[in-house]
Amino acid sequence: MRVRGREGAARVQNAGPTRRTVGRLSLERVGSGAAAGGGAAGGESKPGTGARDPRHRRKANTVDREGTAGRDDGRGEGRDGPEGPTSSVTLRVNGTVHALRLDNRTTLLDALREHLDLTGAKKGCDHGQCGACTVLVGGRRVNSCLLLAVACDEPVTTVEGLARDGRLHPLQEAFVARDALQCGYCTPGQICSAVALLDEAAAGHPSHVTPPHAARAEGAADLTRDEIRERMSGNLCRCGAYPHIVDAVADAHRETVR
Ligand code: FES
Ligand code: FES
């Protein structure tokens, strides 16, 4: 039955909040899955994303470190629930093997931060544009917000795994010595990216600014400041600490080739 006039307008007005509420709920449900999940540093909510408190999410999609727990409904392990299908995932992170059961849409970043409590890698844009989530997968730098955990079959190294025998990685020491940070939000991603950068340069990989004759040359690439800037250009720093970041990478490079 079509409703017209004032009565109809009143009904539409009354329907408004309900619709909005339903919309918000469905947003939150999406947020409990992969890419939209998780807050910024430390798990705080990200305004406007529908992301919820991670503690909330863990209850809705219970996964423990051994991968033995099922969902909260008690119907058993790994049942596909309203959030979507799940998979058993084995992640090797910083030398430790973790067996998890994850929603198939869970990104590596969310798996690290929300299931393994490794909060070094940060969620900045969640769209592969800022580099705050950079970790090493099989020794190569990747934006972990763009990689599904179920597709990650190589060892993962996060900033928490760079130190050796109680000693910081040379790049971590260089960042401290050069005061190459302000708020520090981008720093774990910058450091992981720089670790891979040094390996890439040592292997002779050219960059966009490498002169053609040098790109064809054998041996390690010459890491000029322009090279470092170009090779670190996928890692944004909202505080603008770039000059000191370049200094720190150059120092660590000198240290490692000495
Ligand atoms: S959070 Fe992954 S690139 Fe920005
Ligand atoms: S130090 Fe603040 S974003 Fe880089």
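Thresholds, definitions, all that
Residues numbered from 1 in each chain as written. Chains lettered and ligands numbered in written order. Predicted model: local features only at pLDDT ≥ 70, side-chain atom pairs only at ≥ 80, totals over all residues. Helix = DSSP H or I, 4+ residues; strand = E, 2+ residues; numbered from the N terminus. Contact = placed C-beta atoms within 7 Å. Pairing = 2+ DSSP bridges. Core = buried A, V, L, I, M, F, W, Y, C linked by C-beta atoms within 7 Å. Buried ≥ 20, exposed ≤ 12 C-beta atoms within 10 Å, placed from the backbone. Domains from an automatic or database assignment. pLDDT = per-residue confidence, 0-100.

(A) Region of interest: the overall build of the protein chain. Across its full length, the protein chain holds 8 helices and 5 strands. Secondary structure of the protein chain in N-to-C order comes out as α-α-β-β-α-β-β-β-α-α-α-α-α. In the protein chain, of all internal contacts separated by at least 6 residues, the share reaching a separation of at least 24 is 52%.

(B) View of the pairing of strand E4 (residues 140-143). When strand E3 (residues 134-137) meets E4, the two strands line up antiparallel, connected through 4 bridges. If you follow Val-135 over to E4, its bridge partner there is Val-142. Hairpin remark: E3 followed by E4, antiparallel, with 2 residues in the connecting loop; positive phi at Gly-138, about 60°.

(C) Fine view of the pairing of strand E1 (residues 86-93). Here E1 runs beside strand E2 (residues 96-103); their pairing, made up of 8 bridges, is antiparallel. Among the inter-strand pairings, Thr-86 is bridged to a residue of E2, identified as Asp-103. Hairpin connection between E1 and E2: a loop of 2 residues separates the two successive antiparallel strands, and Asn-94 in this loop has a positive phi of roughly 50°.

(D) Representation of the nonpolar core in the model. Core analysis: the largest hydrophobic core is formed by 45 residues, its most contacted members being Leu-91, Ala-149, Leu-171, Ala-194 and Ala-248. At the level of secondary structure, the elements contributing two or more residues to this core comprise E1, E2, helix H3 (108-115), E3, helix H4 (170-177), helix H5 (187-202) and helix H8 (242-257). The leading source of residues in this core is H5, at 7 residues. There are two domains that each give this core at least three residues, and those are domain 1 (41-123 + 144-158) and domain 2 (170-257).

(E) Inspection of H3 at higher detail. With respect to burial, H3 is a largely interior element, 8 of its 8 residues being buried. Taken as a whole, H3 has its buried residues at Leu-108, Leu-109, Asp-110, Ala-111, Leu-112, Arg-113, Glu-114 and His-115. One or two positions beyond H3, positive phi appears at Asp-117, with a value near 55°.

(F) A look at the environment of Ala-202. Structurally, Ala-202 is set in helix H5. For the pair formed by Ala-202 and Val-257, sequence separation is 55 residues and the distance between their alpha carbons is 8.6 Å.

(G) Molecular detail of the confidence of the model for the protein chain. Taken residue by residue, the protein chain gives an average pLDDT of 77. The fraction at 70 or more is 67%. Confidence over residues 1-77 falls short of pLDDT 50; this stretch has 97 contacts with residues more than four positions distant or in other chains.

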